[in-house]
There are 2 protein chains.
Amino acid sequence: MANEDISQLNFIGVVQSSLQRKEDCPLQGEEGAPEAWLLIKKEFMDGLDSLKVGDSIILLTWFHLADRSVLKCYPRRETNSPHVGVFATRSPDRPNPVGLHTVKILGIEPGKLKVHPLEALDGTLLIDIKPVITATEK
Amino acid sequence: MANEDISQLNFIGVVQSSLQRKEDCPLQGEEGAPEAWLLIKKEFMDGLDSLKVGDSIILLTWFHLADRSVLKCYPRRETNSPHVGVFATRSPDRPNPVGLHTVKILGIEPGKLKVHPLEALDGTLLIDIKPVITATEK
């Protein structure tokens, strides 16, 4: 594989959500995030087999609007808190803007999963889906 | 930003581990994985500020030796189990081979974090570090 391909993401799908603007997004899924649909690209649909309604899954997303130059920030947008390293925060603005979300599958249609709760903007790209497998992640 | 840059990972560092071969790796960190060092690239070191010994952190890694064409596999390498969709498993062979690990910081040196337990090969690339922030992830 050529060197330039190793670090290239191949997005498996996209988030369809009522969240249209960054400022509408809750900071975490547990803070009032809505249901959303995951639209999976045709070439990756076989990878969804065995997932079922009721399963808890981990989504890895790619915040396509992120500022990737950020190394220091204020935790939880609290500008009177100390300025901290970005790796000690969940800021979406970070060198590799991967979002990590634990959601429940509410519905399955061909090439589509309905999940809840998801604090990601409409159009957020989807990197991966993993099962929740340990007690520590539930 | 050019379209081809959006999906490009910018690795923040690399794993230094005694695990040298795929077959030496436990399936999960809790299954006997060793301590490892995270070597952070100079340009990302400022992002480590505020992390401290004893913190639990989530690491996102990139399995550089993965087979990215896999959509169906056997869970936990058990070939007498049914063949399932890769997104219902934690197989490292998957379209975007991102590893997800919860580890504890055992030591900090300039540009280096010592963590435990980490079931990732020596040379595995590092995408992101996030704090464990909810009871559900501890």
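Here the structure is a predicted model, which is why all the values come from computation and not from measurement.

(A) Inspection of the overall build of chain A at higher detail. Within chain A, the regular secondary structure consists of 1 helix and 8 strands. When the helices and strands of chain A are read in sequence order from the N terminus, they spell out α-β-β-β-β-β-β-β-β. Classification of the 138 residues of chain A by burial places 51% in the buried group. The long-range fraction of contacts in chain A, counting pairs at least 24 apart against all pairs at least 6 apart in sequence, stands at 74%. Accessible surface, chain A: about 6,500 Å² in total, of which carbon and sulfur atoms supply 51%.

(B) Up close: the pairing of strand β3 (residues 56-62) of chain A. All names here are of chain A. Most of β3 is tucked away, with 6 of its 7 residues classed as buried. In terms of strand pairing, β3 meets strand β8 (residues 125-131) through 6 bridges, oriented antiparallel. Looking across to β8, one finds that L60 is bridged to D128.

(C) Representation of the relation of the copies chain A and chain B. The operation relating chain A to chain B is a screw motion whose rotation component is 180°, with 0.0 Å of axial translation and a residual RMSD of 0.0 Å. The superposition of one copy onto the other is thereby described by a two-fold rotation axis. Looking at the interface residues of chain A, 100% of them are also at the interface in chain B, so both copies use one shared face.

(D) Structural view of the sheet that holds strand β1 (residues 13-16) of chain B. Spatially, 6 strands are ordered β1-β2-β7-β6-β3-β8 (chain B) in a closed barrel, and the strand pairing comes out antiparallel. Averaged over all pairs of adjacent strands, the angle between strand axes in this sheet comes to 45°, irrespective of strand direction.

(E) Quick peek at the packing of aromatic side chains. Residues and elements named next belong to chain A. Evaluation of the coordinates by the stated rule reveals 2 aromatic pairs over all chains. For the ring pair F11 and W62, a centre distance of 6.4 Å and an interplane angle of 45° mean the geometry is tilted. With F11 in the loop between α1 (3-6) and β1 (13-16) and W62 in strand β3, this pair connects stretches of sequence that are 51 residues apart. Residues F11 and W62 agree in their burial class; the two are buried. We note K112 situated over the ring of W37; from NZ or CZ to the ring centre the distance is 4.4 Å.

(F) Quick peek at the environment of S81(A). Turning to its location among the elements, S81(A) is positioned in the loop between β4 (72-73) and β5 (84-85). If we skip the residues at most four places from it in the chain, S81(A) touches Y74(A) and P75(A).

(G) View of the pairing of β8(A). Residues and elements named next belong to chain A. A large share of β8 lies buried, amounting to 7 of its 7 residues. Across 2 bridges, β1 lies against β8 in antiparallel orientation. Bridged to G13 within β8 is L126.

(H) View of the interface of chain A and chain B. Counting residues at the interface gives 48 residues for chain A, matched by 48 residues for chain B. Looking at the side of chain A facing chain B, the largest losses of area belong to F87(A), R90(A) and N96(A), adding up to 16% of the total buried there. The tally of links between chain A and chain B comes to 4 salt bridges. Close ionic contact of D128(A) with R94(B) constitutes a salt bridge, the shortest N to O distance being 2.8 Å. At the surface where chain A touches chain B, the tally comes to 26 residue pairs in polar contact (both at pLDDT 80 or more). Taken together, the elements giving at least two residues each to the side of chain A that touches chain B come down to α1, β3, β5, β6 (98-109) and β8 of chain A. It is β8(A) that provides the largest number of residues to the side of chain A that touches chain B, a total of 5 residues. Residue composition of the side of chain A that touches chain B, grouped by class: 23 nonpolar, 11 polar and 14 charged.

(I) Just the environment of P95(A), in detail. Within the element layout of this structure, P95(A) appears in the loop between β5 and β6. Residue class for P95(A) comes out buried when judged on its relative accessible area of 2%. Counting along the chain gives 62 residues from P95(A) to A33(A), while the straight-line C-alpha distance between them is 24 Å. Contacts of P95(A), omitting those with residues within four sequence positions, involve R68(A), V70(A), L71(A), V86(A), F87(A), I12(B) and F44(B).

About the thresholds
- Residues numbered from 1 in each chain as written.
- Chains lettered and ligands numbered in written order.
- Predicted model: local features only at pLDDT ≥ 70, side-chain atom pairs only at ≥ 80, totals over all residues.
- Heavy atoms only, no water.
- Helix = DSSP H or I, 4+ residues; strand = E, 2+ residues; numbered from the N terminus.
- Buried < 20%, exposed > 50% of the residue type's maximum accessible area, 1.4 Å probe, protein only.
- Contact = heavy atoms within 4.5 Å.
- Areas by Shrake-Rupley, 256 points an atom, 1.4 Å probe, with all protein chains shown as cover.
- Pairing = 2+ DSSP bridges.
- Least-squares fit on C-alpha atoms with pLDDT ≥ 70 in both.
- Axes fitted to C-alpha atoms, helices over the stretch in contact; angles between N-to-C directions.
- Phe/Tyr/Trp six-rings, centres within 6.5 Å; stacked < 30°, edge-to-face > 60°.
- Lys NZ or Arg CZ within 6 Å of the ring centre and 35° of its normal.
- Buried area = accessible area lost by both parts, 1.4 Å probe.
- Salt bridge = Lys/Arg side-chain N within 4 Å of Asp/Glu carboxyl O.
- Polar contact = N/O pair within 3.5 Å; in protein donor to acceptor, adjacent residues only side chain to side chain.
- Nonpolar A, V, L, I, M, F, W, Y, C, P; charged D, E, K, R; others polar.

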